Amino acid sequence: MLDPRTLAERRDEVAASVRRRGMTADVDSAVAAYQEAARLRTAVGEVNRLRNEHQKSGSRKLAPAEREAHADEGRRLKDDVVRLEAELAAAEDRLHATLRLLPNLLHPDVPDGGEDDARELRRWGEPRRFDFPPLDHVELGRRLDLLDFEAGTRVAGPKFYFLKHEAVLLDLALQRLALELLRGEGFELVTTPDLAKAEIVDSLGYNPRGPETQIYSIADSDLCLIGTAEIPLGGLFAGETLEEAVLPVKLAGLSHCFRTEAGSYGRESKGLYRVHQFSKVEMFVATRPEDSDAMHEQLLALEERYFQALELPYRVLDIAAGDLGAPAYRKFDLEAWMPGRGDGGSYGEVTSASNCTDYQARRLDARFRRAGAKRSEHLHLLNGTAVATSRALIAVLENHQRADGGIAVPEVLVPFTGIDRIDPR
RNA sequence: GGAGAGGUGGCCGAGCGGUCGAAGGCAGCGGUCUUGAAAACCGCCAGGCGCGAAAGCGUCUCGAGGGUUCGAAUCCCUCCCUCUCCGCCA
């Protein structure tokens, strides 16, 4: 949610953000709704003041006739308050309804365009030249008995899967490596609930319901399966006011993630790439406003370190305006090289890091207070994937496959897997 | 699931329907004293919103929502949550 007070001041910037993101929200009606609500807030305050004065005057002894007149006047003032408060509540509802349709502002460097217009910032590593025909992870998983999609479909439906044998070790090792990296960088390790209230989901800017939702809801409750640990980690800050001295707060959250993938069945969805459930270690950070851009770069750097450690070539994208979620001010994606993807390999998204500035914090009412300051301010919240194990697994299996059909386990994972290779069966 | 108790400021804990955003204590902050510290003493100390350069002024908030009343932390109703005991259980 944007700050309504600065909405009017930065009206053109907000309108530009809406346009560049390809949205159709009405900025001017939001401004008008804010002004109307502000007017009524002032009016309610004024009539409340009159009523309070009147009540104070009634605390002394009054003659019966006086008391009667006093009570009449009191009832009249009460009617005024009730009426104006109802008007204010309606105006605030309208304000909220228009405001929630507006996306965050945009970082000045965000490229124009949509999905295909991301700016490539850099590449790391050379896609490997195979001296044998490389297999994709689905085929590797089948031959090595690491992945069972048929069983997943039988038990839970399409896009569910069983990990088997060494894939289980790899999955856990990828998580452990991420936790170890982040622990060394001062992140607090947490595991989160895998469910969250719809209200929390909504506060983070995700749509918990509706035909196009990516979020599963639990029947007969207001709970949802989380699509990312960003949701419970953001919820952790709801209603909190932190001391400036504790910032930045850096969390590394481990959770399962669930996505309906509604409307995505036509897209690249082979094997583990687009599944309904996976595990993820998520970085979530709360900073002062002036620190969030630098922290965003740091989150990206950590993601790069992780994939470098796994010896996986990747490229870094600065995502274009039309491909950003509403809360994101700017987003970087890492795409790892996947030899089995498309025809002859291609880069596929493995992580992303977003700076959501104060957009989520305002809805969550997540604040901090500067040392000595009277009033608090909203935090800036950022999130980034350390590892989503399903997609990282694709990259590991496909990039580190061997001529004999086995897999070489990246050296950094060996302490966690206890094995250094997966041999053909 | 059954029985009981309770929700007040960072914490503990008072609060005859008006003088209560709220005693007292602890913690915290500032000061006096001290070589330094402790102790003692003095002062400050909930938050949101609005107006204001600021000082400040106004308003709202005592789990949430409704009701009674000229006036509710206080009385009534509904809901939520927490704790204790019992049962079940990884």
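Residues numbered from 1 in each chain as written. Chains lettered and ligands numbered in written order. Predicted model: local features only at pLDDT ≥ 70, side-chain atom pairs only at ≥ 80, totals over all residues. Heavy atoms only, no water.

### Considerations on the overall build of chain A
Thinking step 1. A tally of helices and strands in chain A yields 13 helices and 17 strands.
Thinking step 2. By its C-alpha atoms, chain A is 105 × 45 × 40 Å across when sized along the principal axes.
Thinking step 3. A separation threshold of at least 6 residues defines the contact pool for chain A, and within that pool the share at least 24 residues apart is 72%.
Thinking step 4. Of the roughly 20,100 Å² of accessible surface on chain A, 50% is carried by carbon and sulfur atoms. (Helix = DSSP H or I, 4+ residues; strand = E, 2+ residues; numbered from the N terminus. Contact = heavy atoms within 4.5 Å. Areas by Shrake-Rupley, 256 points an atom, 1.4 Å probe, with all protein chains shown as cover.)

### So, the nonpolar core
Thinking step 1. Judged by nonpolar contacts, the single largest core of 56 residues is most densely connected at L174, Y306 and F307.
Thinking step 2. The element best represented in this core is helix α7 (residues 166–184), accounting for 9 residues.
Thinking step 3. Once you skip the residues sitting within four places of it in the chain, Y306 turns out to touch L174, L177, A178, L181, A386 and V387. (Core = buried A, V, L, I, M, F, W, Y, C linked by side-chain atoms within 4.5 Å. Buried < 20%, exposed > 50% of the residue type's maximum accessible area, 1.4 Å probe, protein only.)

### Considering unusual backbone geometry
Thinking step 1. Cis geometry is adopted by the peptide bond preceding P248, which originates at L247 and carries an omega value of -5°.
Thinking step 2. Considering the arrangement of structural elements, one finds P248 in the loop between β7 (241–243) and β8 (249–258).
Thinking step 3. Even without being glycine, E311 reaches a positive phi, approximately 60°.
Thinking step 4. Along the chain, the position of E311 falls in the loop between α10 (292–309) and β10 (314–318).
Thinking step 5. Exposure remark for E311: the relative accessible area of 43% places this residue in the partly exposed category.

### A few points about the protein's contact with RNA strand B
Thinking step 1. R5, R51, Q55, R75 and S376 are the nearest of the 21 residues found near RNA strand B.
Thinking step 2. Here the atoms of RNA strand B within 4 Å of the protein split so that 67% fall in sugar or phosphate, with bases taking the remainder.
Thinking step 3. Here R367 contributes a side-chain N or O atom positioned 3.3 Å from a sugar or linking oxygen of RNA strand B.
Thinking step 4. Within the side chain of R369, one N or O atom sits 3.5 Å away from a phosphate oxygen of RNA strand B.
Thinking step 5. Put simply, the parts of the chain that give the surface near RNA strand B at least two residues each are α3 (27–57), α4 (64–99) and β13 (367–369).
Thinking step 6. The element contributing the most residues to the surface near RNA strand B is α3, with 8 residues. (Near = heavy atom within 4 Å. Polar contact = N/O pair within 3.5 Å; in protein donor to acceptor, adjacent residues only side chain to side chain.)

### Thoughts on the sheet that holds β13
Thinking step 1. Across the sheet, which stays open at both edges, the 3 strands sit in the order β7-β13-β14 with mixed pairing between neighbours. Looking at which strands have only one partner, the edges of the open sheet turn out to be β7 and β14 (377–378).
Thinking step 2. Of the pairings in the sheet, the one linking β13 to β14 comprises 2 bridges and is antiparallel in character. The residue bridging F368 from the neighbouring strand is E377, located in β14. (Pairing = 2+ DSSP bridges.)

### Structural notes on the domain arrangement of chain A
Thinking step 1. Split into domains, chain A comes out as domain 1 (4–99) and domain 2 (115–422).
Thinking step 2. The C-alpha-based centres of domain 1 and domain 2 are spaced at 43 Å. (Domains from an automatic or database assignment.)

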